Amino acid sequence: MTTSTPTDVASIDPIDHRAAMALAAVEFERFGALLAALGPDDWTRSTDCPAWDVRAMVAHVVGAMAGNASMRENLRQLRLARKGDGPLVDELSALQVADRAADGPDALLAEYERLVTPAVKGRTRVPGPVRSLARMDVEMPYGTERWTLGYLVDTIYTRDVWMHRVDIARATGRPLELTADHDGRLVADVVAEWARRHGSAFTLVLDGPAGGAFVSSGERPAEELCLDAVEFARTVAGREPGVGLLATAVAF
């Protein structure tokens, strides 16, 4: 996603439910293709999430997919995670990994492939009024946020898989598939949310297939930023320290 004319972030439309589910399906396909390309030694490599190697990271993703695919499984995970002392998101992730502690790469790949279609269908079936009205408090490293269920279902679940695909590609040295129509759309959505969160003027040029040029006007002088699109996402996700406007975190 590259352009010589910067995009005003105010013109970036939110990703609606139908488009979000199409993006989720593509992201699951690309994540699965990356997993299929991993060698035996890749599964034990450290990732940018210090507590997880690649195998544990995949276990988390598969566990989240299982919750997406089945309301009963989703409720089981929530019930058990709420018994922990930490933030719910962290407790859920830890439970998903612990549930699959004995699973090797073949078992995780098999479960992943089995869950791809049910996971998207499960998210697709959440009714519009429920997505809009159901709300939850979510503890993030930078504070507690109040999310709609729709934000979780349509945005966060896909961003999480996307960022973990980035994590695994970095950990293993495997190629990261990036295109403007898919990854560029996800990154543009992150840019728009990041802009809403800090509310300051900026010009932003993101390099690479998922990049583009963006602008937002304001009363103060605009901060000018230029970096790789994936590195921008990693920075606002907290994978790398950010300074200035890049210190504004976005949920993943």
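Residue positions are given per chain, counted from 1 along the sequence in the order it is written. Given that the model is predicted, a residue must reach a pLDDT of at least 70 before its local features are reported, and side-chain atom pairs must reach 80 or more before they are shown or counted; all residues, however, enter totals for whole chains, interfaces and linings. Excluding hydrogens and water, the side-chain values take into account all heavy atoms of the structure.

Student: Which residues make up the sheet that holds strand S1 (residues 7–8), and what values go with them?
Tutor: We treat two strands as partners when DSSP finds at least two bridges between them. Secondary structure elements follow DSSP: runs of H or I of four or more residues count as helices, runs of E of two or more count as strands, with numbering from the N terminus. Taking strand neighbours across the sheet as the criterion, the four strands line up as S1-S5-S4-S6 in an open arrangement whose pairing is mixed. Each edge of the sheet is formed by a strand with only one pairing partner; in this case those strands are S1 and strand S6 (223–228). Taken together, the five bridges between strand S4 (residues 202–207) and strand S5 (residues 212–216) define a ladder with antiparallel strand orientation. Among the inter-strand pairings, threonine 203 is bridged to a residue of S5, identified as valine 215. Each of S4, S5 and S6 is contacted by helix H8 (residues 180–198), which is oriented at about 155° to S4, the strand it contacts most. Packing of helix H9 (residues 229–236) onto the sheet brings it into contact with S4 and S6, and relative to S6 it is tilted by some 110°. By the convention used here, residues are in contact when the closest approach between their heavy atoms is within 4.5 Å. Every axis corresponds to a line fitted to the C-alpha atoms, with the helix fit spanning only the stretch in contact, and the corresponding angles, defined between N-to-C directions, vary from 0 to 180 degrees.

Student: Outline the packing of aromatic side chains, listing residues and values.
Tutor: Working definition: a ring pair exists when centres of Phe, Tyr or Trp rings (six-membered ring for Trp) sit within 6.5 Å. Plane angles under 30 degrees give stacked, over 60 give edge-to-face, the rest tilted. For the structure on display, the rule yields five aromatic pairs. Pairing tryptophan 194 with phenylalanine 232 gives two aromatic rings, centres 5.2 Å apart and planes at 85°, and the pair type is edge-to-face. Residue tryptophan 194 is found in helix H8, and its partner phenylalanine 232 is found in helix H9; the two are separated by 38 residues along the sequence. Relative accessibility decides the category of a residue: with a 1.4 Å probe and only protein chains considered, values under 20% of the type maximum give buried, values over 50% give exposed, and everything between is partly exposed. Residue classification places tryptophan 194 among the buried positions, given a relative accessible area of 0%. Ring pairing ties together the aromatic residues Phe28, Phe31 and Tyr112, which thus form one cluster. Note that arginine 159 overlies the ring of phenylalanine 252, its terminal NZ or CZ placed 5.6 Å from the centroid. A ring has a charge above it when a Lys NZ or an Arg CZ is no more than 6 Å from the ring centre and no more than 35 degrees off the ring normal.

Student: Hey, could you go over the side chain of histidine 60 for me, with residue numbers and the actual values?
Tutor: Following the sequence through the fold, histidine 60 ends up in helix H2 (residues 54–69). Using a relative accessible area of 6% as the deciding quantity, one classes histidine 60 as buried. Nitrogen and oxygen atoms within 3.5 Å of one another constitute a polar contact, given that in protein one can donate a hydrogen and the other can accept it, and given that sequence-neighbouring residues count only through two side-chain atoms. At 2.8 Å, the side chain of histidine 60 and the side chain of glutamine 96 are in polar contact. Apart from the residues lying within four places of it in its own chain, the contact partners of histidine 60 are Trp52, Ser93, Gln96, Val97, Asp160 and His164.

Student: Account for the environment of valine 166, with residues named and values stated.
Tutor: Counting through the fold element by element, valine 166 comes out in helix H7 (residues 149–172). Residue classification places valine 166 among the buried positions, given a relative accessible area of 2%. Aside from chain neighbours lying at most four places away, what touches valine 166 is Leu176, Val230 and Arg234.

Student: Talk me through H7; I want residue IDs and the actual numbers.
Tutor: The first and last C-alpha atoms of H7 sit 33 Å apart over 24 residues, in line with the 34 Å expected at 1.5 Å per residue. What the bend at a residue measures is the angle between two axes, fitted to the seven residues ending there and to the seven starting there. For H7, the principal kink sits at isoleucine 156 and spans about 35°. By the criterion of burial, H7 is predominantly enclosed, with 21 of the 24 residues buried. In the stretch just after H7, glycine 173 is the one whose phi turns positive, near 75°. Multiplying 1.5 Å by the residue count of a helix minus one yields the expected span of that helix.

Student: An account of the packing of H7 against H8 is requested, with residue identities and associated values reported.
Tutor: The geometry of H7 relative to H8 is characterised by a closest axis approach of 11 Å and an angle of 115° between their N-to-C directions. As H7 packs across H8, the resulting crossing turns out to be left-handed. For the pair formed by H7 and H8, the contact residues are Tyr151, Thr155, Thr158, Arg159, Trp162 and Arg165 on the first element and His182, Asp183, Leu186, Val187, Asp189, Val190, Glu193 and Arg197 on the second. Residues that form the contact of H7 with H8 fall into these classes: five nonpolar, three polar and six charged. Crossing handedness follows the turn of the near helix against the far one: under a right angle anticlockwise gives a left-handed crossing, and clockwise gives a right-handed one. Residue classes follow a fixed rule: Ala, Val, Leu, Ile, Met, Phe, Trp, Tyr, Cys and Pro count as nonpolar, while Asp, Glu, Lys and Arg count as charged, and any other residue, Gly among them, counts as polar.

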